[in-house]
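# Residue-level structural notes
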Amino acid sequence: MYNIKDAVVRGETIELGNDNYNNIGPNVVFEDCEFIVRAPARDLIVTGVTFVRGVWRQKRKLLNKQFSRASFDGVSFEGKFSGCRWGSRDEPETATLKSCDFSNAELDACEFVNVDPGEVTFGPWPTIAYHKPQQLHPLIQDLDAPSRLKTYLNVIAGRPPEFGLAADHAPSLEKATGVPQDQIHALLKDLPGVVILA
């Protein structure tokens, strides 16, 4: 269990376990800290917090966590994230993301709200990034792809414009749609806004 508010913390290693609630914030700044996180989303309360540099090491897959009251500047993320969201729809100033590195993270169905795509670094394939996925909407109907993949893409493309960035993990997308990874790669790699790094 880790509880803190109204503080500035520098250069510490902080473990967020799964034994009880971890309440972080409000009014906390972490500079150059290493977070080792095993807590599930329900036990991870992050409100009014700014993370500057440092690293977030996710040791247990984090499911459906919304970082809508936390800002990250120059932070590196490692580990597995599924259904997570960074940023805020209604109060974007409370949840900013700048110069953050996800190149060592596995991102499955994750979203970034009111975030500049240029502020986020993703890893290579099997990571799939969608920049302004709404531009895919008029193209999906004519895409020669299995219906389950088209349905999935329609969900991403149908999000409001503030959802300007999303990321997927090809093995998870294969499991969800039944479409082999090599086919997913071939179908998506040339679509506008889709970024797949070699």
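Just so you know, these numbers come straight off a predicted model, no measurement behind them. (Residues numbered from 1 in each chain as written. Predicted model: local features only at pLDDT ≥ 70, side-chain atom pairs only at ≥ 80, totals over all residues. Heavy atoms only, no water.)

All right, on to the sheet that holds strand β21 (residues 194–195) then. Taken together, the 6 strands give an open sheet; going across it, the order is β11-β14-β17-β20-β19-β21, and neighbouring strands pair in mixed fashion. Strand pairing shows two members of the sheet lacking a second neighbour, β11 (66–67) and β21, which therefore form its edges. Of the pairings in the sheet, the one linking β11 to strand β14 (residues 85–86) comprises 2 bridges and is parallel in character. Along β14, the bridge assignment pairs Q66 with R85. With respect to the sheet, helix α3 (residues 170–177) is in contact with β19 (127–131) and β20 (165–169), its orientation differing from that of β20 by roughly 80 degrees. (Pairing = 2+ DSSP bridges. Helix = DSSP H or I, 4+ residues; strand = E, 2+ residues; numbered from the N terminus. Contact = heavy atoms within 4.5 Å. Axes fitted to C-alpha atoms, helices over the stretch in contact; angles between N-to-C directions.)

This part takes up the environment of T94. In this structure, T94 sits in the loop between β14 and β15 (97–98). C-alpha of T94 to C-alpha of T47: the two residues are 47 residues apart in sequence and 9.1 Å apart in space. Contact partners of T94, with chain neighbours within four places excluded, come to S68, R69, A70, S71 and S88. At 3.3 Å, the side chain of T94 and the backbone oxygen of S68 are in polar contact. (Polar contact = N/O pair within 3.5 Å; in protein donor to acceptor, adjacent residues only side chain to side chain.)

Turning next to unusual backbone geometry. Look at the link from G25 to P26: it is a cis peptide, with omega at 5 degrees. Relative to the assigned elements, P26 resides in the loop between β4 (22–24) and β5 (28–31). In this structure, P126 follows W125 across a cis peptide bond, with omega equal to 20 degrees. Residue position: P126 is located in the loop between β18 (120–122) and β19. The phi torsion at R53 lies on the positive side, around 55 degrees, for a residue other than glycine. In this structure, R53 sits in the loop between β8 (49–52) and β9 (55–58). Given the relative accessible area of 40%, R53 is considered partly exposed. (Buried < 20%, exposed > 50% of the residue type's maximum accessible area, 1.4 Å probe, protein only.)

Here we take up the nonpolar core. Counting 39 residues, the largest nonpolar core has F30, W56, F72, W86 and F102 as the members making the most contacts within it. Once residues within four sequence positions are removed from consideration, W86 is found in contact with F67, F72, F77, F81, L97, F102, L107, C110, E111, F112, V113 and V115. Y130, I140, L149 and V179 belong to the second largest nonpolar core, which has 20 residues in total. (Core = buried A, V, L, I, M, F, W, Y, C linked by side-chain atoms within 4.5 Å.)

In this section: the pattern of salt bridges. One pass over the full model with this rule turns up 10 salt bridges. The salt bridge involving R85 is made with E111; its shortest N-O contact spans 3.3 Å. With R85 in strand β14 and E111 in strand β17 (residues 110–112), the pair connects residues that are 26 residues apart, well separated along the chain. Across the pair E111 and R159 runs a salt bridge whose closest N-O atoms are separated by 2.9 Å. Within this pair, whereas E111 is found in strand β17, its partner R159 is found in the loop between α2 (147–157) and β20, the two being separated by 48 residues in sequence. E111 sits in the buried class, given a relative accessible area of 17%. For R159, a relative accessible area of 29% corresponds to the partly exposed category. Via salt bridges that share partners, E34, R57 and E78 belong to a single interconnected network. (Salt bridge = Lys/Arg side-chain N within 4 Å of Asp/Glu carboxyl O.)

So, on to the packing of α2 against α3. At a closest axis distance of 9 Å, the pairing of α2 and α3 adopts a crossing angle of 115 degrees. Of the two possible hands of crossing, α2 and α3 adopt the one that is right-handed. Where α2 abuts α3, its residues R148, L149 and Y152 lie against L173, A176 and T177. Residue composition of the contact of α2 with α3, grouped by class: 4 nonpolar, 1 polar and 1 charged. (Left-handed = near helix turned anticlockwise from the far one by under 90°. Nonpolar A, V, L, I, M, F, W, Y, C, P; charged D, E, K, R; others polar.)

A complete count under the given rule lists 21 aromatic pairs for this structure. Judged by centre distance (5.5 Å) and plane angle (15 degrees), the rings of F30 and F51 are stacked. Taken as a pair, F30 in strand β5 and F51 in strand β8 lie far apart in primary sequence, 21 residues in all. Since its relative accessible area comes to 3%, F51 is described here as buried. (Phe/Tyr/Trp six-rings, centres within 6.5 Å; stacked < 30°, edge-to-face > 60°.)

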